[in-house]
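Single-letter residue listing:
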Amino acid sequence: MKVYVYDTLRKEKVEFEPIEPGSVRMYVCGPTVYNYIHVGNARPMVVFDAFRRFLEYVGYKVTLVQNFTDIDDKIINEAREWGVDWKTVADTFIAEYFHDAHTLGVRAANFHPRTTDFVPEIVEAIERMIQKGFAYPTANGDVYFSVRKLENYGMLSGKRIEDLIAGARVEVSEHKKDPLDFVLWKSGKPQEPVWDSPWCKGRPGWHIECSVMSQKLLGEMFDLHGGGEDLIFPHHEDEIAQSIALTGKPPAKYWMHNGMIIVRGDKMSKSVGNIFLVREAVGRYGKDAVKLFLLSKHYRSPIEFSEEALEDNKRAVNRVYGALRRFNDKYPYPLVPKVDAEIRDYETRFLEALSDDFNTPQALAVLFEVVKELNRSMDEGSDERALKMYHLIKRVFGPILGLFDTGYETEQKASVESVDKLITSLIDLRSEFRKNKQYDIADKIRNALSEANIVLIDTPEGTKYEWR
Ligand SMILES: [Zn+2]
């Protein structure tokens, strides 16, 4: 099967032909670990996880690298606020990232390199760039990349050097030779974590880590570089510049970028303050509703975030689980049906949609068509056909997109919600008894909950509960 993707570098849809036939090496930029991940961070995770599953399904061996930026101003500031060192903050949010990725059903990459594990390699790469004349150290020990040394800087973003100069702000930094130059090595301020280098004690700039780690783990030229479209400029543009300086060519053959999650006109981001955390979304709507929400639009389009949209997707997920459950109630141990022309036809349509620049909305339309056919077959008592439809949803389409693999979770979710309602109403009842000074009954409620491993905590904002 031929796979086509829209390549941001060539600015057109092209056939995806990996450098080494049969295997795909891909790198996707990961998070800066200073906070829990939000739905905006989750989009590239879910999209590229599904794309990886699809490539594997059609027969490629995929090697995926996703980095953690574990040193950065935001991490240092967070550590200062907590009164701990930067590593505690980074370790905390790397662990929390894996927790969230797991609840989302996003598989771990083959490698999750951290910036600070590659400092000697980064220093060595910067030294080579200086030797080749693409970078220069300044008097205070910073090192900058000389953007104008490259003839075709801007090839990914389509930005032109002249326009960048016109738009450049008056530089505060007195050390840079040119406002366009970007930092490769930053000198450390007092109290900041620093590493040794030939120029000064300091730490790597942001862009260089991805160039060095991708090259170390995937080679000088790999197949696919992915990330959010907000990384095209300057991050990926600068990665290309660095790779050209080091190896004479861009690091990847194809570049794929996902669109942003939009909240009331702004991109979802911590700095705008409009984030919705993944764990909150998964807790409230279930993993499949969150993933379906992220895959229901083409990956390059923006998606408008709203709780209503998640609610809609939860209803769609319930429709699928409802049909699967109905089938399972009758056939708890469904076997593999005989693969016939009908199964092949649905599978082909599904895969063709995905091989056309990963058109998940079109593939999902096929999936929902099959859900309808599953219900129809059961209505008509056509068990053999129902088994085929069940098989397609549960074992072919679902696994390719990372959906519908958790049993009847939405129903389980409903029971969690009703337990929460029950506890909350018992808490309200207890407060009423306390108000009326009927402390013996109030205490009976507390003890009964405690025996069920539910601890009540009285706070100025009211009574809360925790599972012990
Ligand atoms: Zn990156």
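Reading the values: the criteria
Residues numbered from 1 in each chain as written. Predicted model: local features only at pLDDT ≥ 70, side-chain atom pairs only at ≥ 80, totals over all residues. Heavy atoms only, no water. UniProt positions renumbered as here; feature names shortened; annotations may be inferred. Donors = N, O, S within 2.8 Å, 3.2 Å for Na, K, Ca; no water. Helix = DSSP H or I, 4+ residues; strand = E, 2+ residues; numbered from the N terminus. Buried < 20%, exposed > 50% of the residue type's maximum accessible area, 1.4 Å probe, protein only. Salt bridge = Lys/Arg side-chain N within 4 Å of Asp/Glu carboxyl O. Pairing = 2+ DSSP bridges.

Within an unreviewed UniProt entry, the label attached to the protein reads Cysteine--tRNA ligase, and the organism entered is Fervidobacterium thailandense. Looking at the Subcellular location (unreviewed entry) heading of the UniProt record, one finds this comment for the protein: "Cytoplasm". According to the UniProt record, the Catalytic activity (unreviewed entry) comment for the protein reads "tRNA(Cys) + L-cysteine + ATP = L-cysteinyl-tRNA(Cys) + AMP + diphosphate".

1. Things to note about the coordination of the zinc ion
Protein-derived coordination of the zinc ion comes from Cys-29 (SG), Cys-210 (SG) and His-235 (NE2), at a distance range of 2.0 to 2.2 Å. Binding-site remark: the zinc ion is held by donors from one chain whose sequence spacing is C-x180-C-x24-H. You can see Cys-210 sitting in helix 6 (residues 206-218) and its partner His-235 sitting in helix 7 (residues 232-247), a full 25 residues away along the chain. Overall, His-235 belongs to the buried group, its relative accessible area being 1%.

2. Here we look at the pattern of salt bridges
One pass over the full model with this rule turns up 36 salt bridges. Note that Asp-312 and Arg-315 form a salt bridge whose closest N and O atoms lie 2.6 Å from each other. With Asp-312 and Arg-315 both in helix 10 (residues 307-330) and three residues apart, the pair spans about one turn of that helix. Residue classification places Asp-312 among the partly exposed positions, given a relative accessible area of 43%. Measuring nitrogen to oxygen at the nearest pair gives 2.9 Å for the salt bridge that ties Glu-342 to Lys-388. Of the two residues, Glu-342 is situated in helix 11 (residues 341-355) and Lys-388 in helix 13 (residues 383-401); the sequence distance between them amounts to 46 residues. Glu-342 sits in the partly exposed class, given a relative accessible area of 24%. Here the salt bridges share partners, and the residues they tie into one network are Asp-340, Glu-342, Glu-373, Arg-376, Arg-385 and Lys-388.

3. Points about the sheet that holds strand 12 (residues 266-267)
Adjacent strands of a sheet pair through backbone hydrogen bonds, lying either parallel or antiparallel. Taken together, the three strands give an open sheet; going across it, the order is 12-11-13, and neighbouring strands pair in mixed fashion. With partners counted over all chains shown, the strands left at the sheet margins are strand 12 and strand 13 (303-304), one partner each. Bridge count for strand 11 (residues 261-263) against strand 13 is two bridges, and the pairing is parallel. The partner of Ile-261 across the bridge, within strand 13, is Ile-303.

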